[in-house]
Amino acid sequence: MYEDKTLVCKECGNEFVFTAGEQEFYAEKGFVNEPQRCKECRAARKAAARGPRVMHDAVCASCGAECKVPFEPKNDRPVYCSECFAKLSEQNAE
């Protein structure tokens, strides 16, 4: 029913593909307009609207290293550096 379409980004002028799957998703959500920006320009625009990310200092509960996290640490919950967090995520996935 849907076929991939090549569109031109109004922000950067590069071509991008509006896939059949994306078209189906748009239809399911009731969107009537095709996207006007490529994925990269949409992400940049969204990030600019959100503003700069505030990082907070923390100490990893596992290895004790100082790290920065994108949320304000609370005393009642452990905070992990990215390496320890990845190790814990791997262990929990098994």
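Bear in mind the structure is a predicted one, so any value in this text is a computation, not a measurement.

Cut-offs applied
Residues numbered from 1 in each chain as written. Predicted model: local features only at pLDDT ≥ 70, side-chain atom pairs only at ≥ 80, totals over all residues. Heavy atoms only, no water. Helix = DSSP H or I, 4+ residues; strand = E, 2+ residues; numbered from the N terminus. Buried < 20%, exposed > 50% of the residue type's maximum accessible area, 1.4 Å probe, protein only. Polar contact = N/O pair within 3.5 Å; in protein donor to acceptor, adjacent residues only side chain to side chain. Contact = heavy atoms within 4.5 Å. Expected span 1.5 Å × (residues − 1). Pairing = 2+ DSSP bridges. Phe/Tyr/Trp six-rings, centres within 6.5 Å; stacked < 30°, edge-to-face > 60°.

Some details on the side chain of Gln-23
Now for step 1: Residue position: Gln-23 is located in helix H1 (residues 20–29).
Now for step 2: A relative accessible area of 8% means that Gln-23 is categorised as buried.
Now for step 3: A distance of 2.9 Å separates the side chain of Gln-23 from the backbone oxygen of Phe-18, its partner in a polar contact.
Now for step 4: Excluding residues that lie within four positions of it along the chain, Gln-23 makes contacts with Tyr-2, Glu-3, Asp-4, Lys-5 and Phe-18.

Description of helix H3 (residues 82–93)
Now for step 1: In this model, H3 (12 residues) spans 16 Å end to end at C-alpha, consistent with the 16 Å of a helix rising 1.5 Å per residue.
Now for step 2: Counted residue by residue, H3 has one buried out of 12 residues, so it is predominantly exposed.

Remarks on helix H2 (residues 39–50)
Now for step 1: Here H2 contains 12 residues, and its C-alpha end-to-end distance of 17 Å stays within 8% of the 16 Å for a straight helix at 1.5 Å per residue.
Now for step 2: Within H2, only one of the 12 residues are buried, leaving the element largely exposed.
Now for step 3: At the C-terminal side of H2, Gly-51 shows a positive phi close to 90°.

Details of the pairing of strand S1 (residues 5–8)
Now for step 1: Summarising the sheet, S1 and strand S2 (residues 15–18) pair through four bridges and their orientation is antiparallel. Residue Lys-5 lies in a different strand from S2, and its bridge partner there is Phe-18.
Now for step 2: The turn linking S1 back onto S2 is made up of six residues, and Gly-13 within it adopts a positive phi angle of 85°.

Digging into the packing of aromatic side chains
Now for step 1: Applying the stated criterion across every chain, the model contains three aromatic pairs.
Now for step 2: On the numbers, 5.0 Å between centres and 70° between planes, the contact of Phe-18 with Tyr-26 is edge-to-face. Note on accessibility: Phe-18 and Tyr-26 belong to one class, buried.
Now for step 3: Ring geometry for Phe-25 against Tyr-26: centres 6.5 Å apart, planes inclined by 70°, an arrangement best described as edge-to-face.
Now for step 4: Phe-25 sits in the partly exposed class, given a relative accessible area of 42%.

Honestly, it's all geometry; don't read function into it.
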